[in-house]
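# Coordinate inspection notes
The residues making up each chain are set out below.
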Amino acid sequence: MTSGVNNRADETKPTRERMSVAAAQAKLIAVIGDEDTCVGFLLGGIGEINKKREPNFLVVDKNTSVQEIEESYKKFLKRDDIDIILINQNIAEQIRHVIDSDNDNPLPAVLEIPSKDHPYDPTKDSVLRRAKGLYSADDMR
């Protein structure tokens, strides 16, 4: 009976092989947001720079052009190491035409989040609007 306990303990121990496979399959979260949002996520540990020295975040301030935001968003969409893009909703509004036109693929998932100065408005969220189009109130009963 004790051998069964030992076998279970051995199965739960992470091996180098299992850890290297998990690390090889790891995906990133990208953030496009104001300074407070980006700093918060960076302090949480999401900051990465790939082999091409490209970060997985863009800090948007009053001097950031809409073109820069669009280019960064499109780069994040093309990167195969990014599975989620978090973007402040007020910034997403500036590039709404790009976000709505690039919704064919489920990955990376684009999630709109509130910022310190702009509360979340569910009527502007493109993901929520698409989800509402898929289900009716009768489906939830």
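The shown structure was predicted, so the numbers you read here are calculated from the model rather than taken from an experiment. (Residues numbered from 1 in each chain as written. Predicted model: local features only at pLDDT ≥ 70, side-chain atom pairs only at ≥ 80, totals over all residues. Heavy atoms only, no water.)

## Considering the environment of Leu128
Here is the rule we go by: Put simply, DSSP marks the helices as runs of H or I at least four residues long and the strands as runs of E at least two long, and each gets a number from the N terminus on. Any pair of residues with heavy atoms lying within 4.5 Å of one another is described as a contacting pair.
Note on placement: Leu128 falls in helix α7 (residues 126-134). Separated by 17 residues in sequence, Leu128 and Leu111 place their C-alpha atoms 9.5 Å apart. In this structure Leu128 touches Tyr120 and Pro122, once residues within four positions along its chain are discounted.

## Overview of the layout of surface pockets
Any space left empty among the atoms is revealed by the rolling of a water-sized probe across them. Selection rule: Cavities and pockets are defined on a 1 Å grid built over the protein atoms alone: a cavity is a set of grid points where a 1.4 Å probe fits but cannot escape, while a pocket is an open set with protein on both sides within 12 Å along at least five of seven lines, and lining residues are those with an atom within 4 Å of any such point. Grid points are joined across faces, edges and corners, and a volume is the space filled by probe spheres set on the points.
What the largest pocket holds in volume is close to 460 Å³. Every residue lining the largest pocket is counted, 19 residues in all, and those nearest its centre are Asn50, Glu54, Pro55, Phe76 and Arg79. Breaking the lining of the largest pocket down by element, the ones donating at least two residues are β2 (57-59) and α4 (66-78). It is α4 that contributes the most residues to the lining of the largest pocket, 6 residues altogether.

## Quick notes on the nonpolar core
How we decide: The set of buried Ala, Val, Leu, Ile, Met, Phe, Trp, Tyr and Cys residues whose side-chain atoms join them within 4.5 Å is what this entry labels a nonpolar core. Note on exposure labels: buried denotes an accessible area under 20% of the residue type's maximum, exposed denotes more than 50%, and partly exposed covers the range between, all computed with a 1.4 Å probe on protein chains only.
Judged by nonpolar contacts, the single largest core of 17 residues is most densely connected at Ile32, Ile69, Tyr73, Ile85, Ile87 and Ile95. At the level of elements, β1 (28-33), α4, β3 (82-88), α5 (89-94) and α6 (96-101) are the ones that each hand at least two residues to this core. Setting aside anything within four residues of it in sequence, one finds Ile95 in contact with Val66, Ile69, Glu70, Tyr73 and Ile87. In terms of nonpolar packing, the next biggest core, distinct from the first, is built from 5 residues, Val31, Ile46, Leu86 and Ile113 among them.

## A word on a negative patch on the surface
Operational definition: Each patch is assembled from residues with relative accessible area greater than 30% and no salt bridge, linking like charges that lie within 9 Å and nonpolar side chains (Val, Leu, Ile, Met, Phe, Trp, Tyr) that lie within 5 Å. In this description, accessible areas are obtained by the Shrake-Rupley approach with a 1.4 Å probe, and a residue is regarded as covered only by the protein chains that are shown. Salt bridge, as used here: a side-chain nitrogen of Lys or Arg that lies within 4 Å of a carboxyl oxygen of Asp or Glu. Under this rule, positive means Lys or Arg and negative means Asp or Glu; His and the chain ends count for nothing. For charged residues, the charge sits on one atom: NZ in Lys, CZ in Arg, CG in Asp, CD in Glu.
A surface patch of negative charge is lined by Glu35, Asp61, Glu68 and Glu71. With respect to the helices and strands, the residue Glu35 is situated in helix α3 (residues 35-43). Accessibility expressed as a relative area gives 54% for Glu35, which makes it exposed.

## Remarks on the side chain of Thr37
In this fold, Thr37 is placed in helix α3. Given the relative accessible area of 10%, Thr37 is considered buried. Setting aside residues no more than four positions away along its own chain, Thr37 makes contact with Val31, Asn88, Ile113, Pro114 and Ser115.

## Side note on the sheet that holds β1
Basically, it comes down to this: Should DSSP find at least two bridges between two strands, the strands are taken to pair. The axes used here are C-alpha line fits, helices contributing only the stretch in contact, and every angle between their N-to-C directions lies in the interval 0 to 180 degrees.
Strand order in the open sheet made by the 4 strands is β2-β1-β3-β4, with parallel pairing throughout. Edge positions in the sheet fall to β2 and β4 (109-113), since each has one partner strand and no second. Put simply, the sheet's adjacent strands are angled 20° from each other on average, direction ignored.

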